[in-house]
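Chain by chain, the residues:
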Number of protein chains: 2
Amino acid sequence: MRVLYVHSYTFEYRVRQPATRVRDEDYVPEMALENVLVVFVAVEEGDDDVKLARAVEDMADVASRVSAGAVLLYPYAHLSNRLAPLTVARDLFNRLYALARERIGLDVRKAPFGYYKEFKLHCIGHPLAELSRTF
Amino acid sequence: MRVLYVHSYTFEYRVRQPATRVRDEDYVPEMALENVLVVFVAVEEGDDDVKLARAVEDMADVASRVSAGAVLLYPYAHLSNRLAPLTVARDLFNRLYALARERIGLDVRKAPFGYYKEFKLHCIGHPLAELSRTF
């Protein structure tokens, strides 16, 4: 799993159209958040529950260190060349979301998997504002 | 070389502070562009002039396909786990910029290498708005 964190003053997205056959069916079509840790996620071949758990621990740690008020999981295939098959990616992404909601004591949201989305990001630019990880 | 393209309605950056010992000395501290293809670039071990040339051809092709009015090269180490050493990365990034200015018939700019930067990005979200490449 490849993850890119961007601590943002504000983040907004709006769904434009389906991108893949495999996608979330129920989803929030648009959202706006403030002081948010945006977590761009690419689910890779071989990802499993152990990696999900490690990713959530790290996410909680980073959110705490930057004093984010919310966490947004955002599916982002562009971070990897060795992506998991779509159904696996969608399911693991949603398990990551469920686990993050259980374990992180903040407002945790997700953007829908499998759609083209317009988004506005305002990265804060402090030394911990952008971090990347491989789990 | 890993590249992430984001076709954006608008993109702005503002330098906040030095991030690395090796960095650009002369730079534009802030910039705002419209209808811009933002090209996030991670220079990797083994990158050379052949890859630079291929990257610039691809950049010109994508900019043309999305009808961007400008191209912004933005150094982005977070796209790779196998980065080139800093001096090599800075120098290749700047050669990429010089080559892109020669070969792409658009307003081509760059953000400074080696600084923490605040930025605002408004991704359009059409099917070609986000693309990634490995050269």
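That block above? That's the structure.
About the thresholds
Residues numbered from 1 in each chain as written. Chains lettered and ligands numbered in written order. Predicted model: local features only at pLDDT ≥ 70, side-chain atom pairs only at ≥ 80, totals over all residues. Helix = DSSP H or I, 4+ residues; strand = E, 2+ residues; numbered from the N terminus. Rg over C-alpha atoms; globule rule 2.2 N^0.38 Å. Buried ≥ 20, exposed ≤ 12 C-beta atoms within 10 Å, placed from the backbone. Contact = placed C-beta atoms within 7 Å. Core = buried A, V, L, I, M, F, W, Y, C linked by C-beta atoms within 7 Å. Expected span 1.5 Å × (residues − 1). Arc of directions from axis to C-beta. Nonpolar A, V, L, I, M, F, W, Y, C, P; charged D, E, K, R; others polar. Pairing = 2+ DSSP bridges. Least-squares fit on C-alpha atoms with pLDDT ≥ 70 in both.

**Student:** Hey, could you run me through the overall build of chain A in this one?
**Tutor:** Scanning chain A from terminus to terminus reveals 2 helices and 6 strands. Element order for chain A, N to C, with α for helix and β for strand: β-β-α-β-α-β-β-β. Here the C-alpha atoms of chain A give a radius of gyration of 14 Å, agreeing with the 14 Å that 2.2 N^0.38 yields for 135 residues. Taking the principal axes of its C-alpha atoms as reference, chain A extends roughly 35 × 35 × 25 Å. Expressed as a percentage of the 135 residues in chain A, the buried residues total 44%. Here the analysis covers contacts within chain A between residues at least 6 apart in sequence; of these, 88% occur between residues at least 24 apart.

**Student:** Quick question: what am I supposed to make of the nonpolar core here?
**Tutor:** Generally speaking, nonpolar side chains in soluble globular proteins are found buried as a group. With 88 residues, the main nonpolar core has Val39(A), Val41(A), Val71(A), Val39(B), Val41(B) and Val71(B) as its most contacted residues. Residue contacts for Val41(A): discarding those within four places in its chain leaves Met1(A), Val3(A), Leu73(A), Tyr74(A), Pro75(A), Tyr76(A), Phe93(A) and Leu96(A).

**Student:** Which parts of the structure should I look at to understand unusual backbone geometry?
**Tutor:** Across residues other than glycine, the phi torsion is negative in most instances, and most of the peptide bonds are trans. Not every positive phi belongs to a glycine, and Ser67(A) is a case in point at roughly 60°. If you trace the backbone, Ser67(A) turns up in the loop between helix H1 (49–65) and strand E3 (70–75).

**Student:** Which parts of the structure should I look at to understand H1(A)?
**Tutor:** Because the α-helix completes a turn every 3.6 residues, residues three or four places apart line up on one side. Residue and element names in this part refer to chain A. Helix length check: H1 (17 residues) gives 24 Å between terminal C-alpha atoms against 24 Å at 1.5 Å per residue, within 8%. Within H1 the residues assigned to the buried category are Leu52, Ala55, Val56, Met59 and Ala63. Buried residues in H1, looked at end-on, bunch into an arc of 100°, giving them a common side. Residues of H1 that are exposed and angled more than 90 degrees away from the buried face: Val50, Asp61 and Arg65. Check the buried side of H1 and you find it contacts strand E1 (2–18), strand E2 (30–42), E3 and helix H2 (86–103). Where H1 terminates, the next one or two residues include Ser67, which has phi positive at roughly 60°.

**Student:** Sorry, what's going on with the interface of chain B and chain A here?
**Tutor:** How big an interface is tends to be reported as the loss of accessible area on association of its parts. Counting residues at the interface gives 19 residues for chain B, matched by 19 residues for chain A. Those elements giving two or more residues to the side of chain B that touches chain A turn out to be strand E1 (2–18), strand E5 (115–123) and strand E6 (130–134) of chain B. Among the elements that line the side of chain B that touches chain A, the one with the most residues is E5(B), at 8 residues. Broken down by class, the residue content of the side of chain B that touches chain A amounts to 7 nonpolar, 7 polar and 5 charged. In the sheet, strand E5 (residues 115–123) of chain A pairs with E5(B) via 5 bridges, with the strands oriented antiparallel. Along E5(B), the bridge assignment pairs Phe119(A) with Cys123(B).

**Student:** Is there a simple way to think about the relation of the copies chain B and chain A in this case?
**Tutor:** Note that the two copies of the chain are related through a rotation about an axis and a translation along the same axis. Taken as rigid bodies, chain B and chain A are interconverted by a rotation of 180° and an axial shift of 0.0 Å, the fit giving an RMSD of 0.0 Å. Between the two chains, the operation in question is that of a two-fold axis. Within chain B, the C-alpha atom positioned nearest to the axis of rotation is that of Leu121(B), 2.6 Å from it. Residue by residue, 100% of the interface of chain B is reproduced at the interface of chain A, so both copies engage with the same surface.

**Student:** For this particular structure, what's the right way to read the environment of Lys110(B)?
**Tutor:** All names here are of chain B. For Lys110, the position within the fold is in strand E4 (residues 107–110). For the pair formed by Lys110 and Pro75, sequence separation is 35 residues and the distance between their alpha carbons is 8.3 Å. Not counting the four nearest positions on each side in its chain, Lys110 is found in contact with Leu72, Leu73 and Tyr97.

**Student:** Where do I start with the pairing of E5(A) in this structure?
**Tutor:** In the case of a regular strand, side chains alternate between the two sheet surfaces. Residues and elements named next belong to chain A. Of the two faces of E5, the one lined by Tyr115, Lys117, Phe119, Leu121 and Cys123 is fully buried and the one lined by Tyr116, Glu118, Lys120 and His122 carries no buried residue. Summarising the sheet, E1 and E5 pair through 9 bridges and their orientation is antiparallel. Paired with Glu12 across the two strands is Lys120, which belongs to E5.

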